[in-house]
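Next come the chains, spelled out residue by residue.
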Amino acid sequence: MRVLSLFVIIVVEVWAQSATHPLDSLSTAEYWTVYDALQQAGQVTPATLFASVLLHPPAKSAVLSYRSGQPFPRAADVVLLRGEKTFAARVDIVAKKVLSFEELPGVQAPILASELFGEDEAIKSDPRVVEALKKRGITNLGTVSCIVLPGAYQSIPEQATQRMGFGSCSQRHGVYHSWGRAIEGLTLQVNMATKKVLKVVDTEVVPVPAGNIDYEAIPENPRPHTTPISISQPAGPSYKIENGEISWQNWLFRVRIDQRIGTVLNLVRFVDQGRPRSILYEASVSELFVPYMDPSNGWNNRVFVDAGEFYATGFLAPLRPGADCPANATWFDGLSVNENGAPKFNSNVACLFERDPETVAWRHYEDGEIYGRPTRELVLRSAATIGNYDYIMDWRFSPDGTIEVAVGATGVIETKPTLQEKAPDHEGHGEPEYGQFVAAHTIGVNHDHFFSFRLDFDVDGPNNSFMTHRMVQQRLANDPMRKSIWVVQPNVAASEKDAILDIQLDKPSMWMFINPSVKGPLNHPTGYEVMPGATAKSLLSPDDPPQKVGAFSEHQFWVTPYNENERYASGIYPISSKGNDGLAAWTQANRPIANTDIVGWYTLGFHHITRSEDWPVMPTMWHQFYIRPVHFFQANPVLDLPKSLSARP
């Protein structure tokens, strides 16, 4: 058991300080400058709601040439909502003026918290809803909660002109949360701007399941022989944070907290023989796509583009010492904007800590001696809670120049009440299944999770190429010892379509970003590889409207030329998208990508056939991929690690 008082909890306050670097998070003063500039320009009315205020990406060339102490520009991109109209603005923070302001016809801003949770009273006041609940024996509406979710694609004509949402209700009586208590067979179409219920669909009456779902109320009985584990660093952490830059084991990088996509890594470099060498200009998650696989009414519209739809309500959730992160971690706070335009303080949204993974950096046994070095990791962690799911997101740095990117899915699965008590006999049962029984009268609906990671590589500088090493079989003629081997066929992608890749076990390849102008001592171009882990691709039809919006999920890897306006894999405004923005749309131009500034997009995905073990709360399931050096160093970069982690800090 960890005792918090034994540790010094370090907090990095990114919210109160003024920006000291072009890539710093927006500060409190800057948020208010944005608000004041819009207010003075007459663009803040009593009906104006702020959906987002995000740092406008500064010119990459200006950032790379920036030197400490120099003045630098700062601007913010703002999305506003007035009724059913969406507006976009850009504000020059330094000059304190509005640079542009325009209405976006046919565009839907991300959903606000007041829309997500603020339609409850209007829904429960509708006579059709009251009657539908009465049919189900529910007359006390005080224990009923109703929410409205956006559609991630245009599935009904009204979405073209109205701010439409799809409503559903839950029965909260007897429990402390509503997951697993859905009132099945009752679905709604709601205008989120006018708070009017336009349509009520009332199909079959299904009783609300009554099983125990209060997972935190389960008595905490430690398992036998479960002894405490204590983790401490008496000499303090071996990383440093100075002027916003983190340094550890030859790594150098910056971290920004972004309201839409969470933690953003910037200017990732590695000090090699005393010289900082660039690897990544920027790296972050870009989008999440979560389609459910039940065709029934009320479920066929459950397709979520989580980051682009819900970030106005807050993408990152707070972390808890001793549970999410070690108590001696360094904690990062952040800011977002509330619906009135004021900055909103968010504590402990990311943490940084060092850990011993209990493994070796390298070893060899020879002549009775074991040669080797233990390794360690630096972990930057955050967690996004979007509705029922929690996603733990790690950037794990290793001393050998490798970054492991990992996503752990946990939280509560979406369930559907059913009249059946348990699953039918599966022997000889060939009917399609849209989910699995996870409790009595409760089906966990099948679904997918797809994450797009945007990786702006700058391997030894901005001009890179994308090269694949394809492993192909070679037949050997007239060789009495062998019939076949595999050989490597290198290929440099000339244009975007050459770099749209899928994992094929029978056609393996390595995916590398190289600098053709920088060669190592053995004449290899310096490079970094994206090494896939277990992942998946979408099984939806390409002409399916939701798949058009989440089209990045069709392939595991994409490469595009750098464009500061291409940041989100499903586009800027996915709620109103027809699939005409995002990776699949951009790459249709088939732009050249050789020996220029390029960006990689990795799709981390998994299909989720639910299990009874996933209920009432899901054990964390991890997926990951690696970013690792290939001919970047002259030799093994961790030969100089200490022989024991306890030998020195």
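Here the structure is shown first, and the text comes after it.
Residues numbered from 1 in each chain as written. Predicted model: local features only at pLDDT ≥ 70, side-chain atom pairs only at ≥ 80, totals over all residues. Heavy atoms only, no water.

A few points about the state of the cysteines
Two cysteines joined by a covalent bond between their sulfur atoms form a disulfide. In total, this model carries two disulfides according to the counting rule given. Across the disulfide from Cys146 sits Cys169; the S-S distance is 2.1 Å. Here the S-S torsion is close to 100°, and the disulfide linking Cys146 with Cys169 is therefore right-handed. Taken together, the residues span a long stretch of sequence, with Cys146 in strand E6 (residues 144–150) and Cys169 in strand E7 (residues 164–171) at a distance of 23 residues. Looking at Cys146, the relative accessible area reads 2%, which means it is buried. The partner cysteine of Cys325 in its disulfide is Cys351, sulfur to sulfur 2.1 Å. A torsion of -80° about the S-S bond marks the disulfide between Cys325 and Cys351 as left-handed. In this pair, Cys325 sits in the loop between helix H6 (306–310) and strand E16 (330–337) while Cys351 sits in strand E17 (residues 343–355), placing the two residues 26 residues apart along the sequence. Taken as a pair, Cys325 and Cys351 share a single burial class, namely buried. (Disulfide = S-S within 2.5 Å. Helix = DSSP H or I, 4+ residues; strand = E, 2+ residues; numbered from the N terminus. Buried < 20%, exposed > 50% of the residue type's maximum accessible area, 1.4 Å probe, protein only.)

So, helix H1 (residues 28–40)
Side chains that are three or four residues apart share a direction in an α-helix, a result of its 3.6 residues per turn. Spanning 13 residues, H1 covers 18 Å between terminal C-alpha atoms, matching the ideal 18 Å at 1.5 Å per step. Where H1 is concerned, the buried positions are Glu30, Tyr31, Thr33, Val34, Ala37 and Leu38. Down the axis of H1, the smallest arc covering the buried residues is 160°, so these residues share one side. On its buried side, H1 packs onto strand E2 (48–55), strand E3 (75–82), strand E4 (85–92), strand E5 (97–103), E16 and E17. (Expected span 1.5 Å × (residues − 1). Arc of directions from axis to C-beta. Contact = heavy atoms within 4.5 Å.)

Considerations on the pairing of strand E33 (residues 618–630)
Bridging between strand E22 (residues 403–411) and E33 involves eight bridges; their strand directions are antiparallel. Looking across to E33, one finds that Ala406 is bridged to Gln624. Both strand E30 (residues 525–531) and E33 contribute to a ladder of five bridges, which runs antiparallel. Of the residues in E33, the one forming a bridge with Glu529 is Arg628. (Pairing = 2+ DSSP bridges.)

Things to note about the sheet that holds E2
Taken in spatial order, the four strands of this open sheet run E2-E3-E4-E5, and their pairing is antiparallel. The open sheet has two edge strands with one neighbour each: E2 and E5. Neighbour to neighbour, the strand axes of the sheet diverge by 20° on average, direction disregarded. For E2 and E3, the ladder comprises seven bridges, and the chain directions are antiparallel. Opposite Leu49, over in E3, you have Leu81 as the bridge partner. (Axes fitted to C-alpha atoms, helices over the stretch in contact; angles between N-to-C directions.)

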